[in-house]
Amino acid sequence: MASEKRLEVVTCTAPVNIAVIKYWGKRDEELILPINSSLSVTLHQDQLKTTTTAAISRDFTEDRIWLNGREEDAGQPRLQACLREIRRLARKRRSDGHEDPLPLSLSYKVHVASVNNFPTAAGLASSAAGYACLAYALARVYGVESDLSEVARRGSGSACRSLYGGFVEWQMGERADGKDSIARQVAPESHWPELRVLILVVSTERKPTGSTAGMQTSVETSALLRFRAEALVPARMAEMTRCVRERDFQAFGQLTMKDSNQFHATCLDTFPPISYLSDTSRRVIHLVHRFNAHHRRTKAAYTFDAGANAVIFTLDDAVAEFVAAVRHSFPPELNGDKFLKGLPVEPVLLSDELKAALGADRTPGGIKYIIATRVGPGPQVLDDPGAHLLGPDGLPKAAA
Ligand code: DP6
């Protein structure tokens, strides 16, 4: 009989997602069940991803976690909720009579190490990629093959949408136990190859109100949020799904902008009000509308989450001109190649007409830099043992 392995270790990567129909508000804080469905675009992992190694061993005496090289408190409730959920699913799988693919006991402690390939300081939401990656890695290590929405969701609601590539909806569900509150792919990443995504990283000093606390206050105080969730989002979900299926950029862009604006309107309707947009964010909004007005069609669309950074959607034939427009309105303080990261974008000259349309309002340094990316795939398992962030002793490998 094969002797029991001392250490089971798996390394995965997971993507960031950006919602075009926003999730804001929970009906159940404990299970993380939303008051409305939401829909997102999965961003490509070449530019933005989390890598996570999970290991279990009978030698471990406690659960431990390292984020970007620093040990954090593994007792934090959301991490423990994910662990409880995955162990429950693994136990269920055993009791359902499936062959246990791993001989390691479910009572063994876990070590987790996770890193992002993008600076945390950029203020990009990393919790969705982080918890999706954790759920995916834990599932591999514990031999769980069922839907992982529930596991990822317990870490961060939006994380369940990072379990799939392409275009993803999180169906709010109706059940009190949350079993039907799951993420589902609407279209794969290959569906709309012309779609481009630009992340405009805005300079900002203050730390905004976190999503969890912010949405809790909104649910308690904003009648507008309740109206949005009940009366508006269902039709918006159907319309956004159609826009994606038919690759209708005009309607996709317009609805994306309207839904972002409505989300920020519910923040202002929250009492005391929450404001995530900065003066630069509002300048980006005006820039996009001027750009579109000049072209007499929607060629670019913005969306903002719980922070000042803008995410812009365009098609590949408009991306170069839009980047040039950003450079014009926000003259970079970083030199050319540092200002634009990610996918290459050809430099182009702006026409005098477009320059005039953009107006004289220019804000040097308002945008720190741009990350150019596209729609990407869901989580991946890395087979190369060299990719593990934990060594054979289950501790983080020394940084190279
Ligand atoms: C504005 O998923 O971060 O980005 O469930 O409390 O962890 P918790 O919140 P989180 O909220 C994301 C809010 C949003 C919109 C969205 O991604 O849908």
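Keep in mind the model is a prediction, meaning the values are calculated, not measured.

Peer 1: How do you make sense of the overall build of the protein when you look at a structure like this?
Peer 2: Each helix and strand in the protein was counted, giving 10 helices and 17 strands. Computed over the C-alpha atoms, the radius of gyration of the protein is 22 Å, within 12% of the 21 Å expected from 2.2 N^0.38 for a compact globule of 400 residues. Summarising its shape, the C-alpha atoms of the protein cover approximately 75 × 50 × 40 Å along the three principal directions. Residues counted as buried form 54% of the 400 residues belonging to the protein. Within the protein, residue pairs in contact and separated by at least 24 positions form 77% of the contacts whose partners lie at least 6 positions apart.

Peer 1: What should I look at first to understand the packing of helix α1 (residues 77–95) against helix α2 (residues 127–142) in this one?
Peer 2: Between two packed helices, both the angle of their axes relative to each other and the distance between the axes serve to describe the pair. Two elements in contact, α1 and α2, have axes whose closest approach is 10 Å; the angle formed by their N-to-C orientations is 35°. Two packed elements cross with a definite hand, and for α1 against α2 that hand is right-handed. Of α2, the residues touching α1 (which contributes Arg78, Leu79, Cys82, Leu83, Ile86, Arg87 and Ala90) are Tyr131, Leu134, Ala135, Leu138, Ala139 and Tyr142. Looking at the contact of α1 with α2 residue by residue, the classes come out as 11 nonpolar, no polar and two charged.

Peer 1: When you look at the site of the ligand in this model, what are you seeing that I'm missing?
Peer 2: In the region of the ligand, 17 residues are neighbours, and Tyr23, Lys26, Arg78, Ser156 and Ser158 sit closest. Arg78 places a polar side-chain atom, nitrogen or oxygen, 2.7 Å from an oxygen atom of the ligand. Look at the ligand: alone it shows 460 Å² of surface, and the protein chains cover 94% of it.

Peer 1: Quick question: what am I supposed to make of the sheet that holds strand β11 (residues 183–187) here?
Peer 2: Strand pairing in a sheet relies on backbone hydrogen bonds. The paired strands run either parallel or antiparallel. Taken together, four strands build an open sheet; the order of strands is β2-β5-β10-β11 and the sheet is antiparallel. On the outer flanks of this sheet lie β2 (17–21) and β11, each paired with one strand and no other. With direction set aside, neighbouring strand axes in the sheet form an average angle of 35°. Direction of pairing for strand β10 (residues 167–170) relative to β11: antiparallel, over a ladder of four bridges.

Peer 1: Sorry, what's going on with the side chain of Asn17 here?
Peer 2: Locating Asn17 in the fold gives a position in strand β2. A distance of 2.9 Å separates the side chain of Asn17 from the side chain of Ser162, its partner in a polar contact. In this structure, Asn17 is in contact with Ser40, Val41, Thr42, Leu43, Ala128, Ser158, Arg161 and Ser162, ignoring residues within four places of it in sequence.

Peer 1: Please clarify how the sheet that holds strand β9 (residues 109–116) should be interpreted in this entry.
Peer 2: Spatial strand order, β8-β7-β9-β6-β1-β17: six strands in an open sheet with mixed pairing. With partners counted over all chains shown, the strands left at the sheet margins are β8 (70–72) and β17 (380–381), one partner each. In this structure, strand β6 (residues 49–57) lies alongside β9, joined through eight bridges in antiparallel fashion. Note on β9: the bridge partner recorded for Ala54 is Val112. Lying over the sheet, α2 contacts β1 (7–15), β6, β9 and β17, oriented at roughly 150° with respect to β1.

Peer 1: Just to check I follow, could you spell out the nonpolar core for this structure?
Peer 2: Burial of nonpolar side chains together is a common tendency in soluble globular proteins. Ile86, Leu138, Tyr142, Val144 and Leu148 are the most contacted members of the largest nonpolar core, which has 49 residues in total. Broken down by element, the residue count for this core peaks at 11 residues, all from α2. The contact partners of Leu148, leaving out residues within four places of it in the chain, are Ile86, Ala135, Tyr136, Ala139 and Leu163. Within the second largest apolar cluster, 35 residues are counted, among which are Met257, Val288, Tyr302 and Val323.

Peer 1: Can you help me understand the packing of aromatic side chains in this one?
Peer 2: A ring pair, where both rings are aromatic, is described by two values, the distance of the centres and the angle of the planes. Inspection of every chain in the model, using the stated rule, returns 11 aromatic pairs. Taking the centre distance of 4.8 Å and the plane angle of 70° together, the rings of Tyr23 and Trp170 count as edge-to-face. A residue pair is termed long-range when its members are at least 10 positions apart, and Tyr23 in the loop between β2 and β3 (26–28) and Trp170 in strand β10 qualify at 147 residues. Residue Trp170 is classed as buried on the basis of its relative accessible area, which comes to 0%. Aromatic pair Phe252 and Phe313: ring centres 5.3 Å apart, planes at 80°, arrangement edge-to-face. Here Phe313 lies in strand β14 (residues 310–315) and Phe252 lies in helix α6 (residues 249–269), a separation of 61 residues in the sequence. According to the relative accessible area criterion, Phe313 is buried, its value standing at 0%.

Parameters and conventions
Residues numbered from 1 in each chain as written. Predicted model: local features only at pLDDT ≥ 70, side-chain atom pairs only at ≥ 80, totals over all residues. Heavy atoms only, no water. Helix = DSSP H or I, 4+ residues; strand = E, 2+ residues; numbered from the N terminus. Rg over C-alpha atoms; globule rule 2.2 N^0.38 Å. Buried < 20%, exposed > 50% of the residue type's maximum accessible area, 1.4 Å probe, protein only. Contact = heavy atoms within 4.5 Å. Axes fitted to C-alpha atoms, helices over the stretch in contact; angles between N-to-C directions. Left-handed = near helix turned anticlockwise from the far one by under 90°. Nonpolar A, V, L, I, M, F, W, Y, C, P; charged D, E, K, R; others polar. Near = heavy atom within 4 Å. Polar contact = N/O pair within 3.5 Å; in protein donor to acceptor, adjacent residues only side chain to side chain. Areas by Shrake-Rupley, 256 points an atom, 1.4 Å probe, with all protein chains shown as cover. Pairing = 2+ DSSP bridges. Core = buried A, V, L, I, M, F, W, Y, C linked by side-chain atoms within 4.5 Å. Phe/Tyr/Trp six-rings, centres within 6.5 Å; stacked < 30°, edge-to-face > 60°.

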